[in-house]
Amino acid sequence: MSEVDAHAWSELERELDAWGALGREATFWWRDDDLVAVTPALDRLSAVAGSVGAPVALAVIPAGADAALVPALAGWPGAFVLQHGFAHTDHASPPARRAELGIDRPVEVMLTELREGERRLRALFGARFLPVLVPPWGRIAPELAARRAEAGLPGLSTHGPRQYSDQVNVHVDLIDWRRERSFVGDGPALASIVGHLAARRRGAAPIGEPTGILTHHLVHGEPIWRFLARFGAVLARHGSARWQDARSLWGFSAQS
């Protein structure tokens, strides 16, 4: 391990200690995107998360969701299903950035798709499905965001600071999408995590907003799996850190 990475891990420990000194818990949540089928990568995700006691919110693409996911998730009590758009199809007009739920299509058309996706996921997963919309590529037209509850999706999760009620976002993406979907690295990942934690602790971000970690299990290499295992182990042994599951974040009951 490089000196830079070793220093970054030490900074995480110091930040967690700072939360402990305040008598507060540093809270985290984990969202994993693009789930459609049972794969060895999904098995690895379940194993890593289970080994560190971390619940995972799985953003499932409704149009491609395989029914075999239902028994596969049955033995994973910490996994909940969110709705990842409808088909994860780019409808943006170049040179705009990719979006399925952006400004290029009528809102009514997108609402119709989302309703269909919501019905499919609820029928498949029952109470494990939470009515939370995760827009593909993190982009959503403002009018659609304002009307998402019409599709049965009052919750919303994108990236960065919150903009709407019932929104819980992720803050740290472990993938560098500009470099062939590679891992950002221990140092940059931890710097982003510690930065968000410190902002919460100092009042520059809502202190009660959990720090969200974003993963994409289908494109993980060994460095990301190793990072997740080590990061989870640090949180598991530190008295001032705690994972939150998606159901608690949006206040859904066990019967939702």
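Right, let's walk through the structure included here.

Considering the pattern of salt bridges
- This model, assessed by the stated rule, comprises 14 salt bridges.
- Between Asp33 and Arg31 there is a salt bridge, with the nearest N and O atoms lying 2.8 Å from each other. Grouping residues by exposure puts Asp33 and Arg31 together as buried.
- Two residues, Asp176 and Arg179, come together in a salt bridge whose shortest N-O distance is 2.9 Å.

Overview of the packing of aromatic side chains
- Counting across every chain of the model gives eight aromatic pairs.
- Pairing Phe28 with Phe231 gives two aromatic rings, centres 5.6 Å apart and planes at 85°, and the pair type is edge-to-face. Here Phe28, found in strand E1 (residues 26-35), pairs with Phe231, found in helix H7 (residues 222-237); they are 203 residues apart in sequence, far enough to count as distant. Across the pair, exposure class does not vary: Phe28 and Phe231 are buried alike.
- Ring centres of Phe231 and Trp243 lie 6.1 Å apart, and the angle between their planes is 85°; this geometry places the pair in the edge-to-face category. Placement of the pair is Phe231 in helix H7 and Trp243 in strand E10 (residues 241-243), with a sequence separation of 12 residues.
- Classification of Phe231 by relative accessible area gives buried; the value is 1%.
- Taken together, the ring pairs in this structure connect Trp9, Phe28, Trp30, Phe183, Phe227, Phe231 and Trp243 into an aromatic cluster.
- Above the plane of the ring of Trp9 lies Arg230, whose end atom (NZ or CZ) is 4.3 Å from the centre.

Let's talk about helix H6 (residues 186-202)
- The end-to-end C-alpha distance of H6, which contains 17 residues, comes to 24 Å, matching closely the 24 Å that a straight helix rising 1.5 Å per residue would cover.
- The set of residues buried in H6 consists of Asp186, Gly187, Ala189, Leu190, Ile193, Val194, His196, Leu197, Ala198 and Arg200.

How each quantity is defined
- Position numbers for residues count from 1 along each chain, tracking the sequence in the order it is written.
- For this predicted model, a pLDDT threshold of at least 70 governs which residues receive local features, and a threshold of 80 or more governs which side-chain atom pairs are given and counted, while totals over whole chains, interfaces and linings are taken from all residues.
- The side-chain numbers reported here are obtained from all heavy atoms of the structure, hydrogens and water having been left aside.
- Every case where a carboxyl oxygen of Asp or Glu lies within 4 Å of a side-chain nitrogen of Lys or Arg is listed as a salt bridge.
- When accessible area is computed with a 1.4 Å probe and restricted to protein chains, residues below 20% of their type maximum are described as buried, those above 50% as exposed, and intermediate ones as partly exposed.
- Only Phe, Tyr and Trp rings are paired, with Trp represented by its six-membered ring, and only when their centres lie within 6.5 Å; those with planes under 30 degrees apart are stacked, over 60 edge-to-face, the remainder tilted.
- A run of DSSP states H or I qualifies as a helix once it reaches four residues; a run of E qualifies as a strand once it reaches two. Both are numbered from the N-terminal end.
- Here, over-ring charges are defined by two tests on the NZ atom of lysine or the CZ atom of arginine: distance to the ring centre within 6 Å, and angle to the ring normal within 35 degrees.
- Multiply 1.5 Å by the residue count of a helix minus one, and that product is the helix's expected span.

That's the geometry; what it means functionally is another story.
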